[in-house]
Amino acid sequence: MIRISGPESIDVAKKIFVPKNAKKTLKKAPGYSALYGNIVNENILVDSGIALIFRSPHSYTGEDTVEISCHGGDTVSSEVLAACLNAGANIAQPGEFTKRAFLNGKMDLQEAEAVIDLITSKTMQQNSYFNYTRNQRKTQIMEEIKAEIQSLMAHLMAWIDYPEEDVPSVEEQDFLGEIQKLKEKTQRMLGDFEKGQRQKRGLRVVLLGEPNVGKSTLFNLLVEDQRSIVTPIAGTTRDIIREEAEICGYPILLSDTAGLREGGDEVEEEGIRRSWDEISSADILVQVLEAGRISAYEENLVLKESQKPKLCIVNKSDQGCDTDLERIENDYDMMVIVSAKEAPDEARETIKNAIRQLLQIQPLDPDAVLLSNQRQRESMQKVDDCLAKILAFAKDQLIYDDVSIYLQEALEAIGELKGENVTDAVLEEVFSKFCVGK
Amino acid sequence: MKSEVDVIVIGAGHAGIEAALASAKLGMRTILMTLNLDAVGNLPCNPSIGGTAKGHLVREVDALGGFMGLAADHTMIQSRMLNKGKGYAVQSLRNQVDRALYQQYAKISLEKQNNLELIQMEATGILLDGDKVRGVQTHLGQSISCRAVVVATGTFLNAAIHIGLESFAAGPENSKPAKELTESLEELGLTMKRFKTGTPARVHRRSIDFAKLKRQPGDEMVVPFSFLTEEMLYNKVDCYIAYTNKNTHEVIKKNLDKSPIYSGNIHGIGPRYCPSIEDKVVRFGDKDQHQIFVEPCGLCTEEMYLQGMSSSLPFEVQREMYRTIEGFSDIEIMRPAYAIEYDCLDPTQLEPTLECKGISGLFTAGQINGTSGYEEAAAQGILAGINAVKTCLKQKKLILERSGSYIGTLIDDIVTKGVSDPYRMMTSRSEYRLYLRQDNADDRLTPIGHEVGLVNDDRWKKFLVIQDQKKAEINRLKNENISIHLFSKDLIQNKDEESKKNDVQKAYILLKRPEIKYEDITKIIGEIQGMSNWVSQKVEVEVKYEGYVKKQMERIERAKKLEGKKIPQEFEYTHLEGMRLEAREKLSKIRPKSLGQAARIPGVTPNDIEQLAIYLKIYSENTEKTEDDV
């Protein structure tokens, strides 16, 4: 399906779409109507298909929009796309339709973000997971947090602004107890966000090892696809090759590095430099050794110093070990022995299990409520920080004017998150809840 | 009366007094018109000045060189600092004042002011020359020329008093209402609203059994409002507290059909923060009692004010209701409680200078702008007066930022958000409340007052001395080491391990602790001779609040980024088709000066602001392009 959006979309579509029914034209077609016709590129027939017409503002983007459904396949659809471009359309940037929908007031920031997450989500579980953010539950929890802060704030401000009236006084212990409860909620949301991020971003697994110990074979085994070039010549893999695998619904970003060797030619040195970069951003380091050549293995200093989880895979177990493994066992958090060639399925499972254990990956709770992006996380973090500051007062004494400012900031942060203006909400609550005034 | 002056102020209430004095002090030939010379500076409701956040306003007006603080000190009969123990930023001063003396003091101050002509005269119309003010029409047929007008008519426009189902056209104290001026303002294209407010009965002192009430004395140490007041002030009276009970509430409920509000006779919108006793009983039915403060109206009268009991029930019902209260069984009403309805402006028609949009030289201040309270009125009056002068001198008008004062906050609130009910200042209205304290009102505003010209050289010198003393003392605290063992045991017991290890610390660091007071420190390191209480209080609060204020300053800087994004005057909202209609309408109406102000308009969401920011960027890029083409 090709979507054309914008004030001139119908003019563009008119040039490439010729309705079968000669009495009908795109120009006159009402919104939400469909026409069947031929798709042409400069008068050459490309395909036939359906054109759906949306009239502003009743479309996804809020603009006039034409959606052309053509026959599948890369070739046909790219020809149709070329026809559109020839007719004066510009190619959409990633997320452009959503951006326009936002700019035209068709969705708010949170919805737009949810859509963009949906577009960019990587695996199936992620997909259903982020779909969830569009759901009511997040809104509901935010609303709860907001309502609780607002209620504390209203009580505090009524008590401050009406010192002589019978507003129940703010009791320090009760107040701090409420703050503590709120903080548990914000903490949970922030924790779930980290998990969600892990899932979204994927886990970086870097394969290390002497040239030709079989890293690429393992790599291919894990992604179940043949991408790295496997040759018996040492140093074949010079570029970082990154590919995705999946463990428990989390995408795993595997990178196969050039073997870390001193010397070699210039190309190889460049490869080695990049390998170092990879290591520094890895979530887990995986050293691959060849069973028959363990004795030749020299201690890898980088690996030893790194604080990251370390896994050692002894490959080619069919060759038998040439030395006692105990010598190196302590350098790693875990060690597994596999044969990628002889028992590939078993090897894959063993390695995935090891990674899962080392990174403490837990399957995601499908009911968890996730903040969808960094912006939302920052707002929630602000709320959490403000609550922490209030709790920090507890060791001396609560100074209520300062406390009120932190509460106010927490409320504003949650308002930011929800895209609402919260400044007057507190006053509304003061007057509706407390009998104040002379 | 002169036939031509610079500035005419209409109304001699708390807004009018500040406006007229500011204008005359700044050298403008000024006329102040009032309906009744004996009602200048009247306190038609409670006999007190200040209170939470209102006390801050009084200090700010004083710091700018205004009148109210001095008057409240001069006529003080009881003083209390409210909110002690809730943090310095929300402490507020309130003075009970002698109402008659206050009026006298206001009148004589106006009479003695050079350049100021005080006259009993009704203004019936504003005269324009195109879109500029040229004068004022009076009820005696004169038209007086001027270059700027401040309308400060309080609750007098089209005023009507309601007592029970009786109602009659009258301003406060049954005075003559102003009718024609409303029509004149409407003819200028201004939209009016109708508000209501109310006041409780005044009763005779001898009819109260004080033995049955709780006594509420003033503070032992009285702190003045004005930074200029040097004499020691003493309390002269006590106030008392009484409570309503179930019987009182029964009387009210039984007679609700005779209340003009519940029977629908009053259409004006009353203040949420100042409900009548009927409202309280109806809306908070679960409460068994409500508090009443019994306050003397002055030293030369037996009238007592019953704060908390404002009502518009019929006179007999009022008496029956008051008499159910413990201590009030023989109560003798001297002035019945009443509700008053009046016309006011929709303040979104004003610039933040308090000038009416599109009418050069016309300013409004006080209750006419939909606010309530003497202090809120004075705050607007002084700014309107200053800007009336600036209009005459063709100088850039003064706008007070909301980050710098409660006055600025008040004005920004009403011109940006409008008012749905009479607006009262509260500390919760300011997001900068840790910085906008009453103790530093002079630090914040006296330099502005000096630049404007309302702060004279004497006061300015005094101000600079205080600033120097404060700085020197803070420096001393930063250098003096104190062993914590020198403090009394109770003060430092249960303290953390750190202080045990680190038993010698800078006085400055120690003063930051909530439990250590400035006087605990000076007991050890000695006092500075000749340093006033003002300074020691400033030092104490400034040191303790330094960290929080720094945080507020960061916030102010952040806000300035949005405030700094100016919206061109000619920017059109109606064609921004992508934007929600409601947002476009609100923005077109208020025409905010900056993105910051736009963000505070109710009904405009953060999403709308993000869109607006993009449109403004596109707009400025296009304008630049066009300019380049030329």
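Residues numbered from 1 in each chain as written. Chains lettered and ligands numbered in written order. Predicted model: local features only at pLDDT ≥ 70, side-chain atom pairs only at ≥ 80, totals over all residues. Heavy atoms only, no water.

1. Points about the overall build of chain A
Link 1 in the chain: Regarding its fold elements, chain A presents 15 helices and eleven strands.
Link 2 in the chain: Expressed as a percentage of the 438 residues in chain A, the buried residues total 50%.
Link 3 in the chain: By sequence separation, contacts in chain A at least 24 residues apart represent 65% of the contacts at least 6 residues apart.
Link 4 in the chain: Approximately 20,900 Å² of chain A is accessible, and the part contributed by carbon and sulfur atoms is 49%. (Helix = DSSP H or I, 4+ residues; strand = E, 2+ residues; numbered from the N terminus. Buried < 20%, exposed > 50% of the residue type's maximum accessible area, 1.4 Å probe, protein only. Contact = heavy atoms within 4.5 Å. Areas by Shrake-Rupley, 256 points an atom, 1.4 Å probe, with all protein chains shown as cover.)

2. Remarks on the overall build of chain B
Link 1 in the chain: Helix and strand content of chain B: 20 helices and 23 strands.
Link 2 in the chain: Over its C-alpha trace chain B gives a radius of gyration of 26 Å, about what one expects of a compact globule, namely 25 Å for 630 residues.
Link 3 in the chain: For chain B, the C-alpha atoms occupy an extent of roughly 85 × 80 × 50 Å along the three principal directions.
Link 4 in the chain: Looking at chain B alone, contacts between residues at least 24 apart form 73% of all its contacts between residues at least 6 apart.
Link 5 in the chain: Of the roughly 25,400 Å² that chain B leaves accessible, carbon and sulfur atoms contribute 49%.
Link 6 in the chain: Across chain B, the centroid of the 85 positively charged side chains sits 3 Å from that of the 87 negatively charged ones. (Rg over C-alpha atoms; globule rule 2.2 N^0.38 Å. Lys, Arg positive; Asp, Glu negative; His and termini not counted. Charge placed at Lys NZ, Arg CZ, Asp CG, Glu CD.)

3. Here we look at the nonpolar core
Link 1 in the chain: Grouped together as the largest cluster of nonpolar side chains are 159 residues, with contacts concentrated most on Phe 175 and Met 380 of chain A together with Ile 49 and Leu 362 of chain B.
Link 2 in the chain: With twelve residues, helix 6 (residues 136–161) of chain A is the largest single contributor of residues to this core.
Link 3 in the chain: Discounting chain neighbours no more than four positions away, the residues touching Phe 175 of chain A are Leu 152, Leu 156, Val 170, Ile 390, Leu 398, Val 403 and Leu 407 of chain A. (Core = buried A, V, L, I, M, F, W, Y, C linked by side-chain atoms within 4.5 Å.)

4. Details of the interface of chain B and chain A
Link 1 in the chain: Taken together, the contact pairs 55 residues of chain B with 44 residues of chain A.
Link 2 in the chain: Both faces considered, chain B and chain A share a buried interface measuring about 4,400 Å² in area, 50% of it formed by carbon and sulfur atoms.
Link 3 in the chain: By the criterion of area lost to chain A, the three top residues of chain B are Lys 86, Arg 272 and Arg 433 of chain B, representing 15% of everything that side buries.
Link 4 in the chain: With a closest N to O distance of 3.0 Å, Lys 551 of chain B and Glu 409 of chain A form a salt bridge.
Link 5 in the chain: The tally of links from chain B across to chain A stands at 17 residue pairs in polar contact (both at pLDDT 80 or more).
Link 6 in the chain: Only strand 4 (76–82), helix 7 (277–283), strand 17 (291–296), helix 17 (533–564) and helix 20 (606–629) of chain B provide two or more residues apiece to the side of chain B that touches chain A.
Link 7 in the chain: The element that contributes the greatest number of residues to the side of chain B that touches chain A is helix 20 of chain B, accounting for six residues.
Link 8 in the chain: Of the residues in the side of chain B that touches chain A, the class split is 20 nonpolar, 18 polar and 17 charged. (Buried area = accessible area lost by both parts, 1.4 Å probe. Salt bridge = Lys/Arg side-chain N within 4 Å of Asp/Glu carboxyl O. Polar contact = N/O pair within 3.5 Å; in protein donor to acceptor, adjacent residues only side chain to side chain. Nonpolar A, V, L, I, M, F, W, Y, C, P; charged D, E, K, R; others polar.)

5. Some details on the pairing of strand 16 (residues 239–243) of chain B
Residue and element names in this part refer to chain B.
Link 1 in the chain: Burial within strand 16 is extensive, with four of its five residues counted as buried.
Link 2 in the chain: Bridge analysis of strand 15 (residues 214–216) against strand 16 gives three bridges, and the strand direction is antiparallel. Paired with Arg 215 across the bridge in strand 16 is Tyr 240. (Pairing = 2+ DSSP bridges.)

6. Considerations on helix 2 (residues 54–63) of chain B
Link 1 in the chain: Among the ten residues in helix 2 of chain B, ten count as buried, and that is most of the element.
Link 2 in the chain: Phi for Gly 65 of chain B, located one or two positions after helix 2 of chain B, is positive at around 105°.

7. So, the environment of Lys 99 of chain A
Link 1 in the chain: Note on placement: Lys 99 of chain A falls in helix 3 (residues 96–103).
Link 2 in the chain: With 17 residues separating them along the chain, Lys 99 of chain A and Ala 82 of chain A place their C-alpha atoms 23 Å apart.

8. A short note on helix 12 (residues 344–358) of chain A
All names here are of chain A.
Link 1 in the chain: The end-to-end C-alpha distance of helix 12 is 21 Å, a good match for the 21 Å that 15 residues give at a rise of 1.5 Å each.
Link 2 in the chain: Those residues of helix 12 that fall on the buried side of the exposure criterion are Ala 347, Arg 348, Ile 351, Lys 352, Ala 354, Ile 355 and Leu 358. On an axial view of helix 12, the arc spanned by its buried residues comes to 160°, and they lie on one face. Those residues of helix 12 that are exposed and angled more than 90 degrees off the buried face are Asp 345, Glu 346 and Gln 357.
Link 3 in the chain: Just downstream of helix 12, Gln 360 is the residue with a positive phi angle, here 50°. (Expected span 1.5 Å × (residues − 1). Arc of directions from axis to C-beta.)

9. Points about the sheet that holds strand 3 (residues 33–41) of chain A
All names here are of chain A.
Link 1 in the chain: Strand order in the open sheet formed by five strands is 1-5-4-3-2, with antiparallel pairing between adjacent strands. Edge positions in the sheet fall to strand 1 (2–5) and strand 2 (17–19), since each of these pairs with one other strand and no more. For this sheet, the mean inter-axis angle between neighbouring strands, taken without regard to orientation, is 35°.
Link 2 in the chain: Where strand 4 (residues 44–54) and strand 5 (residues 65–69) come together, five bridges link them in antiparallel fashion. The residue of strand 5 that forms the bridge with Ile 53 is Val 66. (Axes fitted to C-alpha atoms, helices over the stretch in contact; angles between N-to-C directions.)

10. A word on a nonpolar patch on the surface
Link 1 in the chain: There is a patch of nonpolar side chains on the surface, built from Met 221, Met 232 and Tyr 234 of chain B and spanning about 360 Å² of accessible area.
Link 2 in the chain: Tracing the chain through its elements places Met 221 of chain B in the loop between strand 15 and strand 16. (Patch = residues over 30% accessible without salt bridge, like charges linked within 9 Å, V, L, I, M, F, W, Y side chains within 5 Å.)

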